[in-house]
Each structure stands twice: as structure tokens, then as C-alpha cells.
Amino acid sequence: MLRRIQATREHLQELSAGEGDLTKRLEADGNDEISDMAVSVNRFIDKVHAIVSEVRDSTLQVASAAEEVAAVSQESSRAIHTQRSATGRATNIMTESHA
């Protein structure tokens, strides 16, 4: 029984330090208060793991969208530069033809 309490304490310390493995679960075999506690901790870890996974997936989606926006922005910048050049040439031609 003491071993299970120590294992629970160690796992909770790892999690609270930010270095815990969210795929690791506590042993929850039995029909006592320690098993009940382990089940509750495991449920909490499941929820945190799901949240972290969602945040990771969202971060990847945002990064992908940012790359797309950057590509569109660069293309727009090139198009604006091309349009300015064409406008400048047209202005020069019009100015020269009226001179």
C-alpha cells in the first residue's frame, strides 16, 4: 500500500513540475481509497492530455494558416510591384508622347 502511495506522489510531482508523461497512468487496481484516488488522477490526466493535444493541433493549424498568409502576402507584393512598374512605364510613355 505504501508503494502505491509513493508511486502516486512521484507521478503527481512529475506532473506538477511540468515534466510529467501525460500518457502514463497510475495503477488503479483494487477496491480501496488509493485505487479511487488513482482513478480520479487518471481521469484528470486524460482531460489534460486531451487539452494539450487540442492545443497542439490548433497550433499546427495556425502555423499552416500563417504560412499561407505569408505566401499570399508575398504574391500580392510581387503583383503590386509589377503593377507599379507597368504604371510607371505607361506614365513615361504618355509623358513622352505629349512632349
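Above: the structure in question.
Reading the values: rules and limits
Residues numbered from 1 in each chain as written. Predicted model: local features only at pLDDT ≥ 70, side-chain atom pairs only at ≥ 80, totals over all residues. Heavy atoms only, no water. 1 Å grid on protein atoms, 1.4 Å probe; cavity = no way out; pocket = protein on both sides within 12 Å on 5 of 7 lines; lining within 4 Å. Points joined across faces, edges and corners; volume = space filled by probe spheres on them. Helix = DSSP H or I, 4+ residues; strand = E, 2+ residues; numbered from the N terminus. Nonpolar A, V, L, I, M, F, W, Y, C, P; charged D, E, K, R; others polar. Patch = residues over 30% accessible without salt bridge, like charges linked within 9 Å, V, L, I, M, F, W, Y side chains within 5 Å. Areas by Shrake-Rupley, 256 points an atom, 1.4 Å probe, with all protein chains shown as cover. Salt bridge = Lys/Arg side-chain N within 4 Å of Asp/Glu carboxyl O. Buried < 20%, exposed > 50% of the residue type's maximum accessible area, 1.4 Å probe, protein only. Polar contact = N/O pair within 3.5 Å; in protein donor to acceptor, adjacent residues only side chain to side chain. Contact = heavy atoms within 4.5 Å. Expected span 1.5 Å × (residues − 1).

## A look at the layout of surface pockets
Inference 1: Here the largest pocket is characterised by a volume of approximately 150 Å³.
Inference 2: Lining the largest pocket are 13 residues, with Arg4, Ala7, Thr8, Leu26 and Glu27 positioned closest to its centre.
Inference 3: Elements supplying a minimum of two residues to the lining of the largest pocket: helix H1 (2-16) and helix H2 (33-98).
Inference 4: When grouped by side-chain class, the residues that make up the lining of the largest pocket number four nonpolar, two polar and seven charged.

## Description of a nonpolar patch on the surface
Inference 1: Together, Met1, Leu2 and Ile5 make up a nonpolar patch on the protein surface, roughly 340 Å² of accessible area in all.
Inference 2: Note that Met1 resides in the segment before H1.
Inference 3: Since its relative accessible area comes to 68%, Met1 is described here as exposed.

## Considerations on the side chain of Arg4
Inference 1: Tracing the sequence through the fold places Arg4 in helix H1.
Inference 2: Here Asp32 takes part through its side chain, which lies 3.3 Å from a polar atom of the side chain of Arg4.
Inference 3: Not counting residues up to four positions away in its chain, the partners in contact with Arg4 are Glu27, Asp29, Asp32, Ile34 and Ser35.

## Considering H2
Inference 1: Helix length check: H2 (66 residues) gives 96 Å between terminal C-alpha atoms against 98 Å at 1.5 Å per residue, within 8%.
Inference 2: Residues Ile34, Ser35, Ala38, Val41, Asn42, Ile45 and Ser53 constitute the buried set of H2.
Inference 3: Here the buried face of H2 lies against H1.

## Comments concerning the pattern of salt bridges
Pairing is possible between side chains of opposite charge, provided their charged atoms come close.
Inference 1: Counting across every chain of the model gives five salt bridges.
Inference 2: Residue Arg25 is joined to Asp46 by a salt bridge in which the shortest nitrogen-to-oxygen separation is 2.5 Å. A residue pair is termed long-range when its members are at least 10 positions apart, and Arg25 in the loop between H1 and H2 and Asp46 in helix H2 qualify at 21 residues.
Inference 3: Judged by relative accessible area, which is 30%, Arg25 ranks as partly exposed.
Inference 4: On the accessibility criterion, Asp46 (40% relative accessible area) is partly exposed.

## A look at the environment of Ser85
Inference 1: Counting through the fold element by element, Ser85 comes out in helix H2.
Inference 2: Sequence separation between Ser85 and His98 is 13 residues; the distance between their C-alpha atoms is 20 Å.

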